[in-house]
Amino acid sequence: MGSRILIVQGHPDPRGGRYCHALADAYADGAEAAGHEVRRLAVATMNFPWLRSKQEFEEQPPPESIIAAQKDIQWAECLFIVYPLWMGDLPAILKAFLEQTLRPGFAVGGGDKWPKRLLKGRRARIVVTMGMPAFVYRWFYRSHSLKSLKRNVLGICGVSPVQASLIGAVEDSDSRSRKHWLDRMRRYGGKAI
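The following refers to the structure shown. Throughout, residues of each chain are indexed from 1 in the direction in which the sequence is written. Where totals are concerned, whole chains, interfaces and linings use all residues; where local detail is concerned, this predicted model gives features only for residues with pLDDT of at least 70, and gives and counts side-chain atom pairs only at 80 or more. The basis for every side-chain value is the complete set of heavy atoms in the structure, and neither hydrogens nor water enter the calculation.

**Points about empty space enclosed by the protein**
Unoccupied space between atoms shows up once a probe the size of one water molecule is rolled over them. Site definitions follow a grid-based scheme: protein atoms alone, a 1 Å grid, a 1.4 Å probe that fits but cannot get out for cavities, and for pockets an open set with protein on both sides within 12 Å along at least five of seven lines, plus lining residues having an atom within 4 Å of a point. Grid points are joined across faces, edges and corners, and a volume is the space filled by probe spheres set on the points. Within this structure, the stated rule accounts for 1 cavity of 30 Å³ or more. In this structure, the largest cavity spans a volume of roughly 70 Å³. Lining of the largest cavity is provided by Val8, Ile73, Leu79, Ile81, Phe97, Leu98, Leu102 and Leu154.

Here it is, written out as structure tokens:
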């Protein structure tokens with residue numbers, strides 16, 4: 001029996017045609033060929049306001065586009081999140097999407113000492129592309145923004161395990177290197193990991 005997979009395309013360019021889009025397509029191809037159900041969500045094409053206060057985060061109801069995304073996340077067993085590293089972090093629109101989507105009552109609930117993790121039972125793969133070599137981000141910068149996303153965002157919601165693929169030097173990569181990563185994403189999609 002196949003898994004239910006939600007692909008969250010975090011590249012901020014709504015036109016598509018970027019390497020992040022090709023990686024997501026390869027993952028989806030592998031997943032669908034293996035019999036998994038796949039839904040896609042392109043953050044750059046969504047219309048939602050950015051949260052500007054704690055009160056908005058905790059009390060204001062989310063817009064319809066975010067409610068639809070929450071339903072897709074509830075449906076999914078596996079999240080595939082792909083984005084380019086921008087200024088050492090997630091693109092701002094992806095961060096704003098996560099803030100809108102992973103709100104109290106949906107992703108976390110009130111607990112005595114620690115919030116209840118309302119998204120338990122889901123796993124994730126994060127794919128990050130970057131201009132610098134991946135080992136520089138991993139060893140010199142200690143993958144700081146990726147660790148924050150894994151632990152402070154997904155982890156606190158209960159998403160586990162969270163696996164990651166870092167794809168570096170994408171502007172300088174040749175077609176063989178790009179094909180290697182596309183093939184790897186197809187394999188990951190086929191295994192729903």
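Now that the structure has been shown, we can carry on.
**Notes on the layout of surface pockets**
By volume, the largest pocket is sized at about 250 Å³. As for the largest pocket, its lining consists of Phe57, Lys95, Leu98, Glu99, Leu102, Val108, Pro115, Asn152, Val153, Ile156 and Cys157. Sorting the residues of the lining of the largest pocket by element identifies helix 4 (92-101) and helix 6 (144-157) as the ones contributing at least two each. For the lining of the largest pocket, the element with the most residues is helix 6, which contributes 4 residues. What lines the second largest pocket is a set of 13 residues, and nearest its centre among them are His11, Pro84, Thr129, Val170 and Glu171. The helix and strand labels rest on DSSP assignments: H or I over at least four residues marks a helix, E over at least two residues marks a strand, and numbering proceeds from the N terminus.

**A short note on the sheet that holds strand 2 (residues 37-42)**
Read across the open sheet, the 5 strands follow the order 2-1-3-6-7; overall the sheet is parallel. Each of the sheet's edge strands pairs with one partner strand only, and the pair in question is strand 2 and strand 7 (162-167). Strand after strand, the sheet turns through a mean of 15 degrees between neighbouring axes, direction not considered. Here, a strand pair is defined by DSSP locating no fewer than two bridges between the strands. Of the pairings in the sheet, the one linking strand 3 (residues 78-84) to strand 6 (residues 123-129) comprises 7 bridges and is parallel in character. Along strand 6, the bridge assignment pairs valine 82 with valine 127. The sheet contacts of helix 6 involve strand 3, strand 6 and strand 7, and relative to strand 6 the element is tilted by about 155 degrees. As a rule, the C-alpha atoms of each element are fitted with a line to give its axis, helices using only the stretch in contact, and angles between N-to-C directions run from 0 to 180 degrees. Contact definition: two residues touch when any of their heavy atoms are within 4.5 Å.

**Concerning the packing of aromatic side chains**
Aromatic rings considered in pairs are described by the distance between their centres and by the relative angle of their planes. Note on aromatic contacts: the rings of Phe and Tyr and the six-membered ring of Trp form a pair at centre separations within 6.5 Å, being stacked when their planes are under 30 degrees apart, edge-to-face when over 60 apart, and tilted otherwise. Taken as a whole and judged by the stated rule, the model has 3 aromatic pairs. Geometrically, the ring pair formed by phenylalanine 140 and tyrosine 141 is edge-to-face, given 4.9 Å between the ring centres and 90 degrees between the ring planes. We call a residue buried when its accessible area falls under 20% of the maximum for its residue type, exposed when it is over 50%, and partly exposed in between, using a 1.4 Å probe and counting protein chains only. Overall, phenylalanine 140 belongs to the exposed group, its relative accessible area being 63%. Using a relative accessible area of 38% as the deciding quantity, one classes tyrosine 141 as partly exposed. For a Lys NZ or an Arg CZ to count as sitting over a ring, it must be within 6 Å of the ring centre and within 35 degrees of the ring normal. Cation over ring: arginine 184 sits above tryptophan 181, and NZ or CZ is 4.5 Å from the ring centre.

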